[in-house]
Amino acid sequence: PTETIGVILTIFCLSPSVELHVDSAQTMVFASSGGNATLPCRFWFEPELSLAREVRIKWSRTSAAGGPEDDVLVAIGNRSRSFGNFRLFKGLDSAGDAALIMTELQLNDTGRYRCEVVDGLEDRNSAVHLELRGTGVVFPYQHPRGRYHLSFVGAQQACEEQDATLATFTQLFQSWKEGLNWCNAGWLADGTVQYPITRPREPCGGHGLGPGVRTYGRRHQHMHRYDVFCFSSSLRGTVYFLQPSQKMNLTEARRTCQEDGAHIAKVGQLYAAWKFRSLDHCDAGWLADGSVRYPITRPRTNCGDSEPGVRSFGFPPPQHKHGVYCYKAEDQ
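Residues numbered from 1 in each chain as written. Predicted model: local features only at pLDDT ≥ 70, side-chain atom pairs only at ≥ 80, totals over all residues. Heavy atoms only, no water.

If you look the protein up in an unreviewed UniProt entry, it shows as Hyaluronan and proteoglycan link protein 3 from Sphaeramia orbicularis. According to its UniProt record, the protein has this under Subcellular location (unreviewed entry): "Secreted, Extracellular space, Extracellular matrix". Per its UniProt entry, the protein bears the Sequence similarities (unreviewed entry) comment "Belongs to the HAPLN family." (UniProt positions renumbered as here; feature names shortened; annotations may be inferred.)

All right, on to the pattern of salt bridges then. Applying the stated criterion across every chain, the model contains eleven salt bridges. The residue E116 makes a salt bridge to R114 at a minimum N-O spacing of 3.9 Å. Comparing E116 with R114, the two get one shared label, buried. For the salt bridge of K321 with E252, the shortest nitrogen-to-oxygen distance reads 3.3 Å. Of this pair, K321 sits in the loop between strand 22 (309-312) and strand 23 (323-329) while E252 sits in helix 4 (residues 250-259), and the two are 69 residues apart along the sequence. A relative accessible area of 43% means that K321 is categorised as partly exposed. (Salt bridge = Lys/Arg side-chain N within 4 Å of Asp/Glu carboxyl O. Buried < 20%, exposed > 50% of the residue type's maximum accessible area, 1.4 Å probe, protein only. Helix = DSSP H or I, 4+ residues; strand = E, 2+ residues; numbered from the N terminus.)

What follows is about helix 3 (residues 169-177). Taken together, the buried positions of helix 3 are Q171, L172, S175 and W176. All buried residues of helix 3 fall inside an arc of 140° around its axis, so they share one side. Directly beyond the C-terminal end of helix 3, a positive phi value near 115° is found at G179. (Arc of directions from axis to C-beta.)

Here we take up the packing of aromatic side chains. According to the stated counting rule, one finds eleven aromatic pairs in the structure shown. Ring centres 6.3 Å apart and planes at 90° place the aromatic pair Y271 and W274 in the edge-to-face group. Of this pair, Y271 and W274 both sit in helix 5 (residues 267-276), three residues apart, which is roughly one turn of the helix. When sorted by exposure, Y271 lands in the same class as W274, which is buried. (Phe/Tyr/Trp six-rings, centres within 6.5 Å; stacked < 30°, edge-to-face > 60°.)

What follows concerns the pairing of strand 12 (residues 137-141). Among the five residues that make up strand 12, five are buried, leaving the element largely enclosed by the rest of the structure. Covered by surrounding structure in strand 12 are V137, F139 and Y141 together with V138 and P140, the residues of both alternating faces.

We note that the domain assignment places domain 1 (19-132), domain 2 (137-232) and domain 3 (237-329) within the protein. A straight line from the C-alpha centre of domain 1 to that of domain 3 covers 42 Å. (Domains from an automatic or database assignment.)

Laid out in structure tokens, this is it:
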């Protein structure tokens, strides 16, 4: 046994040292909801090999909010297994190219993606961050019981229920530059709590601070309670106001949309219609979460503030009478 081990070690030591390298040309990729994205990743050996080796490639993802890392694609040679709308790049010169192709991007696809290449006992990896930006709208959201009732997990769920996702700092900062002014602090995707101020005032950090995005930093995701900033991107359908001969309570409003071949609209859908389709209607209507709102792109008398936006009457008792905003998907 001792002689056998000695022979193996001698052969190993006489083998030339080959080092595996993995790199991404970009550390950040930006895309928009519903579109496609390519996350770059290349690998090579030094010194260069005369014969190609069959390596194992694995892409995994950690959401923008953190948490466990989940596999999205695993490949060995020409065999691969995908856990979603993912595939590897295969081009005319694809040797060493492990780029990840993503199609039909959803709002919750944002996060940190790790490309890992394994050659025998050696493995190397590189990371790329994906963020959805461009066409989109950030909106503040409160729990029906009022201000500061959402834990971080509750904030995630609230945005998802409104056809949106937690906004990132980049998205909130862009919205602040576009004029978003909101004095209530809200969760962001990275677990921080922040709020955008364009007009400094006493309850919002005081007059001594200039305009900007105020931050409370990272907060305890289970113990602390705040509002949330949600982000909604593409709108694949139509939002419209509906009021038959008379106004309706919440139950009647849901039924009215269904009878019209639609669903009662969600808050994110109303904001997206206001932002992307210039929806402008000076009548308050029920939404799916039990709130009553209306969108204004052309401010005018008796239609709320002097700035464009989505006006809110909060969460009135469900027996109150209003119109309703319905959402009809494109395939409907």
